[in-house]
Amino acid sequence: MLLLEAFPKLCEAILANSAKYLPMYDAALVQAAKKLYTSLEEEEQINLVPKDNIHFRVMGLPQCPEVHRSTMPRLKDHGKFLCIQGTVIRTTQQRVLEYQKEFKCKKCGHEFLVKADYDQYYTIKTPPQCPNSNTNCKSTNYEPIEKLGPTYRRDYQEIKLQEPVHKLAVGTVPTSLWVTLEDDLVDQCKPGDDITVW
Ligand SMILES: [Zn+2]
């Protein structure tokens, strides 16, 4: 609520298009942390490491129907910031997931990035031939370049959320939804927990 009063435009942007703005705010926090770190005296920096993976998390939003849903979201809600309450009925094992990977062509040395395909269970599919547009290299021989950092790999878990049964009319079958959890949200709940997802 404080944030909403102080920066209404910032909050409006998150609510209308969280998929676009939340990563921007994450990046801004990383920048701010780095700035803070470099402003410190050398002896103050001892034992401190600026993090490159910080998340802007929103909670405690006003109880308005635009944000709070008592039923599972629909396709028209895609990209919007929502708050959904439910019971966790399943959790997958937590794992480290590769979001993108860099490769180097073994023939011409061209380096390129391949993003994991969310719709294909995050598989990383290399191109059928070298994507170097400057040469006519048609090589299909690539070697992966190992890179670290949150844009390459992150902690990952999926949970299945079911509508709270006590809120349903008698005889209604509860609907459920798979929710993707990343980084600090991984391993925070177990089956049977009643949770609120923002
Ligand atoms: Zn090549």
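Data block above holds the structure.
Throughout what follows, the structure given in this document is the object of discussion. In this text, all values refer to a predicted model and were calculated from it rather than measured experimentally.

### Regarding the coordination of the zinc ion
Phase 1 of the analysis: Cys105 (SG), Cys108 (SG), Cys130 (SG) and Cys137 (SG) make up the full set of protein donors to the zinc ion, lying at 2.3 Å.
Phase 2 of the analysis: Positions of the donor residues of the zinc ion, expressed as sequence spacing, correspond to C-x2-C-x21-C-x6-C. Of this pair, Cys105 sits in strand β4 (residues 100–105) while Cys130 sits in the loop between β5 (111–115) and β6 (142–145); the two residues are 25 residues apart in sequence, bridging distant segments of the chain. We note that Cys105, like Cys130, is buried.

### Some thoughts on the packing of aromatic side chains
Phase 1 of the analysis: Per the counting criterion, the structure on display carries six aromatic pairs.
Phase 2 of the analysis: When the centroid spacing of 6.2 Å and the interplanar angle of 35 degrees are considered together, the rings of Tyr21 and Tyr25 count as tilted. With Tyr21 and Tyr25 both in helix α3 (residues 18–39) and four residues apart, the pair spans about one turn of that helix.
Phase 3 of the analysis: Aromatic pair Tyr99 and Tyr122: ring centres 5.3 Å apart, planes at 65 degrees, arrangement edge-to-face. Of the two residues, Tyr99 is situated in the loop between β3 (95–98) and β4 and Tyr122 in the loop between β5 and β6; the sequence distance between them amounts to 23 residues. Accessibility assignment for this pair places Tyr99 and Tyr122 in one class, buried.
Phase 4 of the analysis: One aromatic cluster is present, built from ring pairs that chain together Tyr21, Tyr25 and Phe56.

### Quick look at the sheet that holds β5
Phase 1 of the analysis: An order of β5-β4-β6 is seen for the three strands of this open sheet, with the pairing classed as antiparallel. Each edge of the open sheet is held by one strand with a lone partner, namely β5 and β6. Each strand of the sheet is rotated relative to its neighbour by a mean of 35 degrees, with strand direction disregarded.
Phase 2 of the analysis: Across four bridges, the pairing between β4 and β6 is antiparallel. Following the sheet pairing, Glu102 is matched in β6 by Ile145.

### Some points on the side chain of Asp26
Phase 1 of the analysis: Along the chain, Asp26 turns up in helix α3.
Phase 2 of the analysis: An unpaired buried charge is present at Asp26: no salt bridge exists, and Arg57, the closest side chain of opposite charge, is 6.1 Å distant.
Phase 3 of the analysis: A distance of 2.7 Å separates the side chain of Asp26 from the backbone nitrogen of Phe56, its partner in a polar contact.
Phase 4 of the analysis: Setting aside residues no more than four positions away along its own chain, Asp26 makes contact with Ile54, His55 and Phe56.

### A closer look at the environment of Cys130
Phase 1 of the analysis: Overall, the relative accessible area of 5% leaves Cys130 in the buried class.
Phase 2 of the analysis: Contacts of Cys130, omitting those with residues within four sequence positions, involve Cys105, Cys108, His110, Cys137, Lys138, Ser139 and Tyr142.

### Some remarks on the packing of helix α2 (residues 8–16) against α3
Two numbers describe a pair of packed helices, the interaxial angle and the distance between the axes.
Phase 1 of the analysis: Two numbers describe how α2 lies on α3: the axes approach to 6 Å, and their chain directions differ by 130 degrees. It follows from the interaxial angle that α2 and α3 lie oblique. Within the contact between the two elements, α2 uses Leu10, Ala13, Ile14 and Ala16 and α3 uses Ser18, Tyr21, Leu22 and Tyr25.
Phase 2 of the analysis: Residues of the contact of α2 with α3, tallied by class, amount to seven nonpolar, one polar and no charged.

Cut-offs and rules
All chains use their own residue numbering, which begins from 1 and follows the written sequence. Only residues with pLDDT of at least 70 get local features here, since the model is predicted, and only at 80 or more are side-chain atom pairs given and counted; chain-wide, interface and lining totals rely on the full set of residues. Side-chain measures were taken over the full set of non-hydrogen atoms in the model, leaving aside hydrogen atoms and water. With water excluded from the atoms, a metal site may look incomplete; its donors are any N, O or S atoms within 2.8 Å, or within 3.2 Å for Na, K and Ca. Secondary structure is summarised from DSSP: a helix means a run of H or I of at least four residues, a strand means a run of E of at least two, and numbering begins at the N terminus for each. Each residue is assigned to one of three classes by its accessible area relative to the maximum for its type, calculated with a 1.4 Å probe on protein chains only: buried under 20%, partly exposed between the two thresholds, exposed over 50%. Aromatic contacts are taken between Phe, Tyr and Trp rings whose centres are within 6.5 Å, Trp giving its six-membered ring; a plane angle under 30 degrees counts as stacked, one over 60 as edge-to-face, and the others as tilted. Two strands are counted as paired when DSSP detects at least two bridges linking them. To get an axis, fit a line to the C-alpha atoms, keeping to the stretch in contact for a helix; angles then go from 0 to 180 degrees between the N-to-C directions. Charged residues are defined here as Lys and Arg on the positive side and Asp and Glu on the negative side; His and the ends of the chain fall outside this count. Take a side-chain nitrogen of Lys or Arg and a carboxyl oxygen of Asp or Glu: if they are within 4 Å of each other, that pair is a salt bridge. By the criterion applied in these results, polar contacts are pairs of N or O atoms within 3.5 Å in which, for protein atoms, one can donate a hydrogen and the other can accept it, and in which residues neighboring in sequence qualify only through two side-chain atoms. Note on contacts: a residue pair is in contact if any heavy atoms of the two residues lie within 4.5 Å. Any angle from 65 to 115 degrees is called roughly perpendicular, while one under 35 is roughly parallel, one over 145 is roughly antiparallel, and all others are oblique. Just so you know the grouping, Ala, Val, Leu, Ile, Met, Phe, Trp, Tyr, Cys and Pro go in nonpolar, Asp, Glu, Lys and Arg go in charged, and all remaining residues, Gly too, go in polar.

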